[in-house]
Amino acid sequence: MIELTNINGRRVVVAASAIVRITETGVSSKWHGINSIVKTSDGITIECKESVDHIIAAMQTHQEQDHA
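Here we look at the pairing of strand E5 (residues 45-48)
- With burial as the criterion, only one face of E5 is covered, namely that bearing Ile-46 and Cys-48; the residues Thr-45 and Glu-47 on the opposite face remain uncovered.
- One ladder, built from four bridges, connects strand E4 (residues 36-40) with E5; its direction is antiparallel. Each bridged residue has a counterpart across the sheet, and for Ile-37 the counterpart in E5 is Glu-47.
- The turn linking E4 back onto E5 is made up of four residues, and Gly-43 within it adopts a positive phi angle of 90°.

Regarding the sheet that holds E5
- The strand order across the open sheet formed by three strands is E3-E4-E5, and the pairing between neighbours is antiparallel. In this open sheet, the two edge strands, each paired with only one partner strand, are strand E3 (19-24) and E5. Pairwise comparison of adjacent strand axes, ignoring direction, gives a mean angle of 20° for this sheet.
- Those strands touched by helix H2 (residues 52-66) are E3 and E4, and its axis lies near 150° from that of E3.

Considering the side chain of Ser-36
- Looking at where Ser-36 falls in the secondary structure, it is placed in strand E4.
- Using a relative accessible area of 0% as the deciding quantity, one classes Ser-36 as buried.
- Polar contacts involving the side chain of Ser-36 include one to the main-chain carbonyl oxygen of Glu-50, which spans 2.7 Å.
- Here Ser-36 is in contact with Ile-22, Thr-23, Thr-25, Ile-46, Glu-47, Cys-48, Glu-50, Ser-51, Val-52 and Ile-55, once residues within four sequence places are set aside.

Here is what the cut-offs are and how they apply
Residues numbered from 1 in each chain as written. Predicted model: local features only at pLDDT ≥ 70, side-chain atom pairs only at ≥ 80, totals over all residues. Heavy atoms only, no water. Buried < 20%, exposed > 50% of the residue type's maximum accessible area, 1.4 Å probe, protein only. Helix = DSSP H or I, 4+ residues; strand = E, 2+ residues; numbered from the N terminus. Pairing = 2+ DSSP bridges. Axes fitted to C-alpha atoms, helices over the stretch in contact; angles between N-to-C directions. Contact = heavy atoms within 4.5 Å. Polar contact = N/O pair within 3.5 Å; in protein donor to acceptor, adjacent residues only side chain to side chain.

Written as structure tokens, this is what we have:
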């Protein structure tokens, strides 16, 4: 599971395997604190405070732990 922070500052925990797309946001969204948009396999869109690189690193760490 990957822990993210939504735009309201609430923690959201998502299965790494459920993430189908991570999009970096533009300047105006970043000004509002939204650094990435995560789309899940069930169609949910999460506006996240974490960067794309941070989410990718968390997914890789999760994958490594699963295979250890």
